[in-house]
Structure formats: structure tokens, C-alpha cells
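Each chain, written out:
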Amino acid sequence: MKPLTATLRLQLHSDFTLDHAAALVPYFARLGISHVYASPILTARAGSRHGYDVVDPTRVNPELGGEAALERLVAALRQHGMGLILDTVSNHMAVGGADNPWWQSLLAWGRRSPYAEFFDIQWHSSDPLLAGQLLLPFLGCDYGVALQNGEIPLTFDAAQGVFEVAHHEHRFPICPLDYGRILGQAEDPRLHTLAQQFGALHEASAPLAEALALHHALARLVAAGASVASALAAFDSRAPAGFKSLHLLLERQTYRLASWRTAADDINWRRFFDINELGGLRVERAAVFEATHAKLFELIERGLVDGLRIDHIDGLADPRRYCRNLRRRVEGLLARRPLSAALEHFPLYVEKILGADEQLHRDWLTDGTTGYEFMNQVSLLQHDPAGEAPLTELWGSLSERPDFAEEVRSARHLVLNASLAGDCESVAQALLQVARDDLMTRDLTLGAIRRALQALVEHYPVYRTYINACGRPAEDEAWFQQALAGARQSLAEADWPLLGQLERWLGGQPWRRMPPGRPRKHLRHACVRFQQLTAPTAAKAVEDTAFYRSGRLLSRNDVGFAAERFSADPAWFHNQAQRRLCDFPDNLLATATHDHKRGEDCRARLAVLSERGPWLASRVEHWRELAAPLREGLHDGEAPSPGDELLLWQTLLGSWPLDLDPHQRNALAAFAGRVRQWLQKALREAKLRSSWAAPNEAYEGACARYVDGLLLDEQNQQLRLSLHQAASQLACPGALNGLVQCLLRMTTPGVPDLYQGTDYWDFSLVDPDNRRPVDYPARRASLDARAPVAELLGHWRDGRVKQALIAQVLDCRQAHPELFRRGAYLPLEVRGRHADKVLAFARLGDGERAVVVVPRLASALLGNAVTPMIPAQNWDDTRLLLPFALSPANCSGLFGGGAVSPSRELTLRTVLTEFPLNVLIDHA
């Protein structure tokens, strides 16, 4: 296999299978990709468009073509010396429905099930109604109403011989120990013997095995003509007697059916964030780890998988232990792989959102993250600090919303008291138990603990910390102390002592120093639960709330971004690159993902607004006047609100297709459909005027009509043309930003990761818009044509120039793998009139060097250019100072230029003559 030099992320589903991917391998190889990086391939819920809702981790998803299709894909990859990296979901599985056999076994048998310890359930609830039971919040209405209306009928699966309660797509199995109560109501005497046999299971030594035989016997009897209709009729809850009988039967189960609305407050099992259909797994248990990873380990051993990406690592009880166990198991498999698939090192990546200045823990033994932090670093580099004040003023004056930090705190408070209220309560209860274990703290009340806990979590500056048996790691201490300081500002002074107690309990008092026993177990449990609360709180508050409430500049609102920070200078960017080379040289470098809020080139275009803050403010004032007839007055205010209106305009400016004529109604209608889809999600995620739990149809409808009126109605043509003109003015400098972003991803330390379709321009919006089908025939044709990059620059709007840039630079990376994998990173000094508009660095290897030079904040230098190419003369005396000499005989620019002066200076007007950026390769 080729060295790991570039990955390409593919989203697999029933309309884009493993075989579809295999057919594209030759194209990916020509593009310069070394490894395909695929979304989860284990069996997911039928019709899944992403694969994160796994129902059977023991099989390759048949909807993707199954294991045979995987083998065909790997065979195609091997023909080109390429590898396969798989995304895997260790944190959760899909639950509910009827398609997860582990979950169904749990529901049927409760704690007797072999899978009872697989799911993260708190069986000992403080709620008497949940004592020893699992809350199932899957009903569309209150339990009593559903029971009375016959919406949860008792049914019989004749093929399996199983009694179940049905509700829409859900099937809730009845415990076989209770079948005697059901079959005893049957009129058919042939079923009475079976009723007695099922009843005897209470005394059986192996009830599960014996029950399986009885299920088969029941299925055979029914197939032979026996009828269970009279038994089912006895439990028809639409009649008074049946109502009582079915309720009593359900009360005997190990679960309690409830309305979906109860989940937020009463849930007693861990979910993925607040999604009821995704149940948390306890992979910290050895049996669960092996069962959920068995198929992956088999595929790795067979040489079919060459790397793993771990989804949502912060959901796990102990990410460090998990990663180290995974590394140990994988390393043990490498020696067993076929020689044709031999690997010296197996890359492991974690999906981890790092806070500002947070670093991934090195002792996890991973190769790094999936690259969200790199997206943030490039974004900061491409934002002009001069735009911060005018854009902050514009947003604040129109929206009257608080600053981003306060939006996050407010959103955290909302989440902790709404969708994650039950999770927060379980942590408070766990801490109360810790308090009760100590004579010196037993007087602490649940209310005081709740207040202190919420204040601490509301001010947490990172997703989570990583408390272990030795306490809080030194790397995490600053984050915890920052949260404590913030909490003190929020709490009344009377509650401050509680914060000191939390500081001791949550890692300040290592549990390894405690004697074995219940107090030690309780403290460890509380620490784990606390850390599994802060991560989803951060995700729901920042990514899924504050990013939709705060709109100073939307290019700074994306997954993994520190949105409160507006910009950064080249020195900071260089420092981050050098640190990455030292700590995680194979970290993935992403600028687009399946989870991004807006496409990489959409963000690059919007970043230009940081250079034109006053211009945007004047445009917004003009647009507000033109849009006045489109707004509607509702009882709860204007629709759309000024803030939502500004978010919408930014979205239109950033995503306006380069080929969209404002007079083409059909194309405008298609664009309007995409924007309406984005807008509905944005409004509901913001949770201000609408939400997923309580959609405000009047407000959403008014906003949708606003979009249609703006983009489609003739009487609003002036506004539409003005927006189109503004988007056009941003398009060229935005494209230049996009090319720069693309080159930096491929030349700075790390492994560049391309998201599907981003080999052309990417103006996508949040999912599902960013998962639309990709036009691969067009891409293959343009790559086959191999037109010179400089020539394609004149036709930059069609996206081929970006593809050519990628292909040429990745080809260079494959020709010089060690230079870009491990070569030193050296910032280069820039002098001259426009020195602040340039970023330059060198990569230094053994006998070879590369010099990379790109423009930044260069909108003014472009002037009125019709292509994203800064006229050479505009660079004036701007030049690079090299600490080494380049040999004219051995030095060549990938995109022309490269004249070297005797004083070891490179002038930009000679280096950037044919293309707006360059890479000089020197064979020293």
C-alpha cells in the first residue's frame, strides 16, 4: 500500500453502496487519494443515510452490498495501492423499533438478558415508578391515552411465536415468563399446556434457552391451526376489562412505556445526546468491547480495513482506556494480516472537538483527531481583525442578542433544564449518594448540589475532562478551574462551599486512594456520569443552539470552531502547525465534513465579509428597506426577526451558486428549496421562536414565504438583484480564499482529508444539504482532460481549477511522501508593502525542501479582477526571506514562477505570476 498521504470521506447508503465506491476508485487514485475513508458499514437501521444507527455490529450492512461488496471495494483499492479507513460507532446503537436483537432481548428479559449490561442503564432509579424498570419514551402521547385508544395493542408474531406490544414502528416484547397469563385466556385447549410450560420458566435453570424452544413450539401450533385471537381479545384495552388486563401485564415488564416528552426529565439510560432512538453502550466492559468490535477485528485481521475513525469519543466512560485497549487489540492483529495487506502501523483517529488551546491527550495512543481544529485554524487565518468591531456592532444593533459567550451559557442552562434535564438529575443524585457516604457531607442537600452542578457545567470551557483513578490529569486542571471561577460568578455566596466540594469529588480526591467498597464505587460512578454530561451539554448548547442564535459572521460558526474568537495572525497559525507536527504529525486535516454547518467554500466566501464590514452594514440597511413588504407581523413579533433575517442574508451570500442567474426561475426555485430546508432547521435549533419539540408553524411558515418571495416573486426583483450583485462581488475573493484553504490543507503537517464532492466548489449548507449526490461523471471527465491549472483559472466558476489544484499537489505529496509527512515546518519571514497579506512557510526534508506561499485577506489586492488572481504588479515589493539558498537548477514551482535573487529573497510578483498561490520544490 501507498503511505497514508490523503484521505477521501465517502457517505455510504443504499443509493451509494460499496460497489458504487469501488467503481470510483480509479478516479480517486488519479486525484491523488491514498485511502478511502468510509462512513460506518456495519448493519444500520433500514434506510439509514449515515450508518451511525447500528442495529447489528456483527454484519456488514446488506443495504451497502454486504461483505462481498466490501471485498470488491478493497480489491479495487489494492489494485491502486490504496487503503480503507472505516468510521466506527463505539458509543451507541440504534434502539426502539424492532430491528436490534440485543435491545429486544433486553426488553424481553430485563436483567436476565445476556445483553442487560451492554446498555448504559441505571436500574436503581429514585423514581418509585421506575424501580427496576427501563423507561421507554417512545409513545406519541401519554401512556394512559395510548392505552385507552388502543394505540399500544398486544400482538402476536406468528413466525417467531412471540407476543409484543405494537406502537407504530416499535415492538415491545412481552417477557416469556408472562406468556402463561396470555395463553391462559385462549379458547383453544392446545395452548393451555404451553401456558403451563411458559409459567414453569420461573423455576427453570436456563429460562432463555427453554423459552426459545417454547417459542418455536408455539409458532408450530399456530401454524397448525391453533388460534391466539381470543387471548389477544382479552387484552384489548379499548374495553374496560382489557384496559385493566393489558395495563397489569405491562406493569409486570422490565420497562415502562411513556410519552416521548418524558425522556428529557425521566430518562434512566444514557442516549447519544438527547436522541431517544440511540442508546448508549458500555464499551468499558470487556464483554461489550469484544462483542461490538468482533466484526471489525475480523476485517482488520483479514486485511480489509487499514485504519479506524472512532465516532464521538467523548461519550465513552473512559476514552483513554478505550483507545489504549483498541490500540493493543489492533496491534495484536497486524501480524496475522496477509502479506499483501501488511501494515507497520494502523492509524486510529478520534472524533474529538477541542476547545480553544486544548490539546488531545497524547497518552491515548491515537494518531490524532478528525481535523475539526484545523478547520478552525484556517478560518481564523482568513478573517480580518479589522472586521470584528463593525460586524459585532451590526449584529448587536439588529438582533439585540448577547455576545457569543453569553449565548453559550444561556444555551447550556436551557439544555440542562430541558432536553438533558434527566441526565443532569442523575448526576446530581449520584453526587448526593457520594455526600451521604461521608459523615462530614451528609447534610448537603440535593437542591444545593443541583445548583452547584448546573453552574459548573454551564461554565465548562471544553467538551469534557478526563478524570481517572488518579484524579484530574494535569492537562485538564486549567479547564476545571476556569469552570469553577465562572460558577462562582453565577452562584450565591452561600453555595460557594458546594463548589469546593465538587472540586474534591470530581477528580480532586482520587478514588484509588479510597478503600474498596461502596463509597469508592459511588464516587467513581459520579465522576463518570459527570463527564458524560458535560460533552452532550456542550454539543447541544454550542453546535445545536448558539451557532443558530449568534450571527456576527456565520463563517465563524462551525463544528469545532471557537466562535468567540474572530481572527488569528500567521504567527499563531505557524505555532499550531509546528505543535501538530511535534505531537500528532498524522492528524487528519479537514475543511469540510458530513457534519459541517456550511461548505468549505461557503465559509471561505463569507470570510471576505470580515474585510468589508462597513460595506455589509450599508448593504443590510438597504436590504432591510427593500424587504419590508415581505415581513409579516405575528402575535409574537415580526417574521422573520431582524436577527433571523441577517442570518438568512449571510446564508444567501455564502451559498449563492456561481452559475445561478437571478432571472432563471427554475434554478431559483431549486435554490429556494434548499434555503427553506436550512432555514427550518436553523429556526428549530435556535429554540427562540420555534423548536423541534414545539414547532412554531406560523413563524416558520412566514419565514418560508419570505424566502420564496425574495427569490421567486417578480415584485422583489430589485432586492434579489441586489443580493445577487453582492454575492458576485464576494465570489472572486471567496474563490481565492477557497484555493488557499485547499492548498494549506495539503501542505501543512498532517494528512489532508477531502470530503466527497469538495474536489469542486462546495457551497453546501448543513445536513442533509451537504450529503447530496455528487456528480462524479463530470469530475472524471475534467480530470481526464488534464487541462493546465493556469488555463482553468480563466474558467474558475466551474470548479475544475480546484480539482486540478488538488490533483497536482497530491501528486506532489505522493512523489515526496516523507517531506510532507515528517518534514520540519519552518515559518518564513515576509517583508514589503503587503507583508501582512501573505502566509509563507517551508517544509524541510532529507535532501528536499518545499516552499509554500499563499495570500490572505487579499480582497483589496484583487481589486476588480474577474478571476481569483492578484495582478503581479499589485504585490509591489512584497517578498519572502529565505534562510537557505534555492538552486535555480533544482528548484521548480508547481504553478510557475520561482526566480531566486542573490540575497535569498523571493518576490511575490515573480513567484505568483501564473497562479494565485504556489509550491516551490527544491531538490537540494
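In what follows, the accompanying structure is described. Predicted model, so just to flag it, every value in this text is computed and none were measured.

1. Thoughts on the overall build of the protein chain
When its secondary structure is counted, the protein chain shows 34 helices and 28 strands. Against the globule reference of 29 Å for 924 residues, the protein chain gives a C-alpha radius of gyration of 30 Å, in line with a compact fold. With the principal axes as the frame, the protein chain shows a C-alpha extent of 100 × 70 × 65 Å. Considering only contacts within the protein chain whose residues lie at least 6 apart along the sequence, 74% involve residues at least 24 apart. For the protein chain, the accessible surface area stands at approximately 34,000 Å², while carbon and sulfur atoms represent 51% of it. One finds the centroid of the 99 positive side-chain charges in the protein chain at a distance of 3 Å from the centroid of its 109 negative side-chain charges.

2. Here we look at the environment of Leu-360
Tracing the sequence through the fold places Leu-360 in the loop between β15 (348–350) and β16 (368–369). With relative accessibility at 7%, the residue Leu-360 sits in the buried group. Along the primary structure Leu-360 and Arg-631 are separated by 271 residues, whereas in three dimensions their C-alpha atoms are 47 Å apart. Excluding its chain neighbours within four sequence positions, the residues that come into contact with Leu-360 are Val-350, Lys-352, Leu-354, Thr-366, Gly-368, Thr-369 and Phe-584.

3. Brief notes about the sheet that holds strand β10 (residues 170–173)
Strand order across the open sheet formed by 3 strands is β8-β9-β10, with antiparallel pairing between neighbours. Of all strands in the sheet, those bounded by a partner on one side alone are β8 (154–157) and β10. Looking at each pair of strands side by side, their axes are set apart by 45 degrees on average, direction ignored. Relative to β10, strand β9 (residues 162–167) runs antiparallel, the two being bridged by 4 bridges. In the strand pairing of β10, His-167 is matched with His-170.

4. Let's talk about the pattern of salt bridges
Taken as a whole and assessed by the stated rule, the structure comprises 69 salt bridges. In this structure, the salt-bridge partner of Arg-282 is Glu-284, at a minimum N-O distance of 3.1 Å. Residue Glu-284 is classed as partly exposed on the basis of its relative accessible area, which comes to 21%. Several salt bridges share partner residues, and in doing so they unite Arg-9, Asp-87, Arg-309, Asp-311 and Glu-351 into one network.

5. What to know about the packing of aromatic side chains
This structure, assessed with the given rule, holds 25 aromatic pairs. Centre to centre, the rings of Trp-102 and Tyr-115 are 5.2 Å apart; their planes meet at 15 degrees, and the pair counts as stacked. Residue Trp-102 is found in helix α4 (residues 101–109), and its partner Tyr-115 is found in the loop between α4 and β7 (134–139); the two are separated by 13 residues along the sequence. Under the relative-accessibility criterion, Trp-102 is labelled buried at 8%. Judged by relative accessible area, which is 23%, Tyr-115 ranks as partly exposed. Ring geometry for Trp-656 versus Phe-671: centroids 5.6 Å apart, planes at 65 degrees, classification edge-to-face. Pair noted here: Trp-656 is in the loop between α25 (642–655) and α26 (665–686) and Phe-671 is in helix α26, with a separation of 15 residues, a long-range link. Using a relative accessible area of 3% as the deciding quantity, one classes Trp-656 as buried. Aromatic rings pair up to connect Phe-16, Tyr-27, Phe-28 and Tyr-776 into one cluster. For the cation-ring pair, Arg-329 lies above Phe-297, with the distance from its terminal atom to the ring centre recorded as 4.3 Å.

6. Notes on the packing of helix α14 (residues 372–381) against helix α22 (residues 570–583)
Look at α14 against α22: their axes get within 9 Å of each other, and the N-to-C directions meet at 160 degrees. On the basis of their axis angle, the class for α14 and α22 is roughly antiparallel. Crossing of α14 over α22 shows left-handed handedness. Contacts between α14 and α22 involve Phe-374, Gln-377, Val-378, Leu-380 and Leu-381 from the first element and Pro-570, Trp-572, Phe-573, Gln-576 and Arg-580 from the second.

7. Points about unusual backbone geometry
The omega angle of the peptide bond from Ala-639 to Pro-640 is -5 degrees, so this bond is cis rather than trans. By the secondary structure assignment, Pro-640 is in the loop between β19 (637–639) and α25. The residue after Asp-767, namely Pro-768, is reached through a cis peptide bond having omega 10 degrees. Relative to the elements of secondary structure, Pro-768 occurs in the loop between β20 (751–755) and α29 (776–785). Unusually for a residue other than glycine, His-168 sits at a positive phi of about 55 degrees. Following the sequence through the fold, His-168 ends up in the loop between β9 and β10. Its identity is not glycine, yet Phe-273 carries a phi of approximately 55 degrees, on the positive side. Along the chain, Phe-273 turns up in the loop between β12 (271–272) and β13 (275–280).

8. As for the pairing of strand β14 (residues 307–310)
Where burial is concerned, the two faces of β14 agree: the one with Gly-307 and Arg-309 and the one with Leu-308 and Ile-310 are both buried. Relative to β14, strand β5 (residues 83–88) runs parallel, the two sharing 4 bridges. The residue of β14 that forms the bridge with Ile-85 is Gly-307. The pairing of β14 with β15 spans 3 bridges and is parallel. Its bridge partner lying in β15, Ile-310 is registered against Val-350.

9. Digging into the sheet that holds β14
Picture the strands of a sheet paired through backbone hydrogen bonds; they go either parallel or antiparallel. Taken together, the 8 strands give an open sheet; going across it, the order is β16-β15-β14-β5-β2-β1-β20-β17, and neighbouring strands pair in parallel fashion. Every other strand in the sheet has two partners, leaving β16 and β17 (588–590) as the edge strands with one partner each. On the sheet, helix α3 (residues 66–79) packs against β2 (35–38) and β5 and is oriented at approximately 140 degrees with respect to β5.

10. Some words on helix α15 (residues 388–399)
Taking 1.5 Å of rise per residue, 12 residues should cover 16 Å, and α15 covers 16 Å from first to last C-alpha, within 8% of that figure. Burial in α15 covers these residues: Leu-391, Leu-394, Trp-395, Leu-398 and Ser-399. Taken around the axis of α15, the buried residues stretch over an arc of 95 degrees, which confines them to a single face. Projecting away from the buried face of α15 at angles above 90 degrees are the exposed residues Ala-389 and Glu-393. Buried positions along α15 lie against α21 (518–549), α24 (613–627) and α25.

11. Quick notes on the environment of Thr-445
Counting through the fold element by element, Thr-445 comes out in the loop between α17 (421–436) and α18 (446–458). Separated by 126 residues in sequence, Thr-445 and Pro-319 place their C-alpha atoms 31 Å apart.

12. Considering the side chain of Ser-550
Topologically, Ser-550 is positioned in the loop between α21 and α22. A residue is classified by how much of its surface remains accessible, and Ser-550, at 7% relative accessible area, is buried. Not counting residues within four places of it along the chain, the set of residues in contact with Ser-550 comprises Trp-395, Phe-404, Glu-407, Asn-557 and Leu-647.

Definitions and limits used
Residues numbered from 1 in each chain as written. Predicted model: local features only at pLDDT ≥ 70, side-chain atom pairs only at ≥ 80, totals over all residues. Heavy atoms only, no water. Helix = DSSP H or I, 4+ residues; strand = E, 2+ residues; numbered from the N terminus. Rg over C-alpha atoms; globule rule 2.2 N^0.38 Å. Contact = heavy atoms within 4.5 Å. Areas by Shrake-Rupley, 256 points an atom, 1.4 Å probe, with all protein chains shown as cover. Lys, Arg positive; Asp, Glu negative; His and termini not counted. Charge placed at Lys NZ, Arg CZ, Asp CG, Glu CD. Buried < 20%, exposed > 50% of the residue type's maximum accessible area, 1.4 Å probe, protein only. Pairing = 2+ DSSP bridges. Axes fitted to C-alpha atoms, helices over the stretch in contact; angles between N-to-C directions. Salt bridge = Lys/Arg side-chain N within 4 Å of Asp/Glu carboxyl O. Phe/Tyr/Trp six-rings, centres within 6.5 Å; stacked < 30°, edge-to-face > 60°. Lys NZ or Arg CZ within 6 Å of the ring centre and 35° of its normal. Parallel < 35°, antiparallel > 145°, perpendicular 65-115°, else oblique. Left-handed = near helix turned anticlockwise from the far one by under 90°. Expected span 1.5 Å × (residues − 1). Arc of directions from axis to C-beta.

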